[in-house]
There are 2 protein chains.
Amino acid sequence: MRFTSRASSDGVLTREFLLDGIPAVLRTPDGATGTRPLVLIGHGGGQHKAAPGVVARAHRLVSECGYAVAAVDAPAHGGRPRSPEHERLIGALRAGGDPTPVLTELHAHLAAQSVPEWRAVLDALRTLDGVGEGPVGYVGMSLGCALGVPFVAAEPRVRAAVLGLNGAGTSVEAARRITAPVEFVLQWDDERVPRDAALALFDAFGSTEKTLHANPGGHGDVPAFETDSAIRFLRRHLG
Amino acid sequence: MRFTSRASSDGVLTREFLLDGIPAVLRTPDGATGTRPLVLIGHGGGQHKAAPGVVARAHRLVSECGYAVAAVDAPAHGGRPRSPEHERLIGALRAGGDPTPVLTELHAHLAAQSVPEWRAVLDALRTLDGVGEGPVGYVGMSLGCALGVPFVAAEPRVRAAVLGLNGAGTSVEAARRITAPVEFVLQWDDERVPRDAALALFDAFGSTEKTLHANPGGHGDVPAFETDSAIRFLRRHLG
């Protein structure tokens, strides 16, 4: 684990780092020591660890909750190298037609790489003073949900997950294995995710506590009050 | 309008009253003067204006938000007289079989009476010092939703409604006419309301802002955090 930058703003310390060549970023309260909850944020498709939505959520979770927050560039995202298989699948997506089978294949391919990467990032971050071995949360919409479902299913340290804007095709089998509380965000008129597929993914979660929040509008129209709700949900479960 | 009882507890003044023979109850902060938001709570089937869930919500809305809160016994509920038509429909329900068509008929029959009654209660309450002509909210689950949907559709003074635990059969046409923000509560494993009917009712609301909250469990298992959410939703819209 190698820190590559360090900046402080409004009480939030932002440190970029590389772990085995994987670019990631950690935010903690300035001067944090000891142990605190750690939230991992998964970015959307075509985005990266410094996308505005990721940064804004991370700042709120650090400032309002005192949490540590990390984000990692997904494979083939944020300037990370693309394999011939990545190129083939991304090309197939851009060629048009029904994206669902291509996305399912792409997500499975990316998750096979991202799940062990994110688990290694957790291992490394939890050795740091100011992070420590507290409860872990996960937040990810769209691609961040597609990669988040198999991650949360594989990772017993995750105690609460905010997921959404994705359907069942990708990950219904992994969803059944999730037992941590889930808040699931669905856009009623999502032009990219069929409503039935999203409802089926919510249905599949094995969690005793799971809550579905659906609102009108398209994939990009999640109302601001859902960010407030996600923060309350994480606080309720991570403390 | 004739007040029939008056009691104060923990800063909440509770006054029962009759309006044209209809039994109702008003709660306000002790010593309230001037104008404040008014929330009407519709009770569930077989319940009445003093059911524990109604009282608990009313106390929170008065104590935490400073609102005025009213509840009215629905027709044929809380000791109100039953017509031969009420008896016939309630008897048909108790006879077993598919309850959906009977409930649809019963709800329509009750709403034809309750909608004008509740509007008259609003008219009367809004003349009182300590209530006044502020924004109005509505909260009703199950029967309170079945009667609430046509009430909210008919009543432009309602600026926000928390509804749920009911399906489309009863009131989809009225739901289309609703434009006030709606928070809709759905139980994923509701043994009384088919999931598709509840989703269809959410789909039907004409409101630009509507938000669906679904949780696992049966008709009576709505989690406590949904009460917190309902209060936040009302605060956001009523001030």
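- Under an unreviewed UniProt entry, the name given to chain A is Alpha/beta hydrolase, and the organism recorded is Virgisporangium aliadipatigenens.

1. Thoughts on the interface of chain B and chain A
No. 1: Counting residues at the interface gives 18 residues for chain B and 18 residues for chain A.
No. 2: Around 1500 Å² of area is buried between chain B and chain A when both sides are counted, 59% of it from carbon and sulfur atoms.
No. 3: Area buried by chain B at its contact with chain A is led by Trp188, Pro216 and Phe225 of chain B, which between them contribute 32% of it.
No. 4: Summed over the shared surface of chain B and chain A, the number is seven residue pairs in polar contact (both at pLDDT 80 or more).

2. So, the pattern of salt bridges
No. 1: Tallied over the full model, the rule gives 29 salt bridges over all chains.
No. 2: The shortest N-O distance in the salt bridge between aspartate 203 of chain A and arginine 195 of chain B comes to 3.5 Å. Of this pair, aspartate 203 of chain A sits in helix H6 (residues 195-204) while arginine 195 of chain B is found in helix H6 (residues 195-204), placing the two residues in two different chains.
No. 3: Here aspartate 123 of chain B makes a salt bridge to arginine 157 of chain B, at a shortest N to O gap of 2.8 Å. Note that aspartate 123 of chain B is positioned in helix H3 (residues 100-125) and arginine 157 of chain B in the loop between helix H4 (143-154) and strand S7 (158-164), a separation of 34 residues in sequence.
No. 4: One connected set of salt bridges, linked through shared partners, spans Arg119, Asp123, Glu155 and Arg157 of chain A.

3. Looking at the nonpolar core
No. 1: Within the largest apolar cluster, 108 residues are counted, with the highest numbers of intra-cluster contacts made by Phe184 and Phe205 of chain A together with Phe184 and Phe205 of chain B.
No. 2: Contacts of phenylalanine 184 of chain B, omitting those with residues within four sequence positions, involve Cys145, Leu163, Gly164, Asn166, Ala198, Leu201, Phe202, Phe205, Thr211, Leu212 and His213 of chain B.

4. Overview of the pairing of strand S7 (residues 158-164) of chain A
Residues and elements named next belong to chain A.
No. 1: Most of S7 sits out of view: six of its seven residues are buried.
No. 2: As defined by bridge partners, strand S6 (residues 136-141) adjoins S7 across six bridges and the pair is classed as parallel. By the bridge assignment for S7, tyrosine 138 is matched with alanine 161.
No. 3: At this point the chain moves from S6, through helix H4 (residues 143-154), to the parallel S7, and the crossover so formed is right-handed.
No. 4: One ladder, built from four bridges, connects S7 with strand S8 (residues 182-187); its direction is parallel. What sits directly across from valine 162, in S8, is glutamate 183.
No. 5: At this point the chain moves from S7, through helix H5 (residues 172-177), to the parallel S8, and the crossover so formed is right-handed.

5. Quick notes on the relation of the copies chain B and chain A
No. 1: In screw terms, the move from chain B to chain A is a rotation of 180° and a rise of 0.0 Å along the axis, fitting with an RMSD of 0.0 Å. Read as a symmetry element, the transformation amounts to a two-fold axis. Across chain B, the rotation axis passes nearest the C-alpha of histidine 213 of chain B, at a separation of 2.4 Å.
No. 2: Comparing interface residues between copies, 100% of those in chain B also lie at the interface in chain A; the contact surface is shared.

6. Some details on the packing of helix H2 (residues 84-94) of chain B against H3 of chain B
Residues and elements named next belong to chain B.
No. 1: Put simply, H2 and H3 touch, their axes get as near as 9 Å, and they point 150° apart. The angle between the axes of H2 and H3 places the two elements in the roughly antiparallel class. The chirality of how H2 crosses H3 is left-handed. Between H2 and H3, the contacting residues are Glu85, His86, Arg88, Leu89, Ala92 and Leu93 on the first element and Val102, Leu103, Glu105, Leu106, His109, Leu110 and Gln113 on the second.
No. 2: Split by residue class, the contact of H2 with H3 holds seven nonpolar, three polar and three charged.

7. Re unusual backbone geometry
All names here are of chain B.
No. 1: Positive phi values are uncommon outside glycine, yet alanine 76 reaches one of about 65°.
No. 2: Exposure remark for alanine 76: the relative accessible area of 9% places this residue in the buried category.
No. 3: Phi at leucine 165 is positive, roughly 60°, even though this residue is not glycine.
No. 4: Mapped onto the secondary structure, leucine 165 falls in the loop between S7 and helix H5 (172-177).
No. 5: Looking at leucine 165, the relative accessible area reads 8%, which means it is buried.

8. Things to note about the packing of aromatic side chains
A ring pair, where both rings are aromatic, is described by two values, the distance of the centres and the angle of the planes.
No. 1: If you walk through the whole model with that rule in mind, you get 14 aromatic pairs over all chains.
No. 2: Arranged with centres 5.6 Å apart and planes meeting at 55°, the rings of tyrosine 138 of chain A and phenylalanine 151 of chain A form a pair that is tilted. Taken together, the residues tyrosine 138 of chain A in strand S6 and phenylalanine 151 of chain A in helix H4 connect sequence positions 13 residues apart.
No. 3: Since its relative accessible area comes to 0%, phenylalanine 151 of chain A is described here as buried.
No. 4: A network of ring pairs unites the aromatic residues Phe184, Phe202 and Phe205 of chain A together with Trp188 of chain B as a single cluster.

How each quantity is defined
Residues numbered from 1 in each chain as written. Chains lettered and ligands numbered in written order. Predicted model: local features only at pLDDT ≥ 70, side-chain atom pairs only at ≥ 80, totals over all residues. Heavy atoms only, no water. Contact = heavy atoms within 4.5 Å. Buried area = accessible area lost by both parts, 1.4 Å probe. Polar contact = N/O pair within 3.5 Å; in protein donor to acceptor, adjacent residues only side chain to side chain. Salt bridge = Lys/Arg side-chain N within 4 Å of Asp/Glu carboxyl O. Helix = DSSP H or I, 4+ residues; strand = E, 2+ residues; numbered from the N terminus. Core = buried A, V, L, I, M, F, W, Y, C linked by side-chain atoms within 4.5 Å. Buried < 20%, exposed > 50% of the residue type's maximum accessible area, 1.4 Å probe, protein only. Pairing = 2+ DSSP bridges. Right-handed = clockwise from strand over helix to strand, strands pointing away. Least-squares fit on C-alpha atoms with pLDDT ≥ 70 in both. Axes fitted to C-alpha atoms, helices over the stretch in contact; angles between N-to-C directions. Parallel < 35°, antiparallel > 145°, perpendicular 65-115°, else oblique. Left-handed = near helix turned anticlockwise from the far one by under 90°. Nonpolar A, V, L, I, M, F, W, Y, C, P; charged D, E, K, R; others polar. Phe/Tyr/Trp six-rings, centres within 6.5 Å; stacked < 30°, edge-to-face > 60°.

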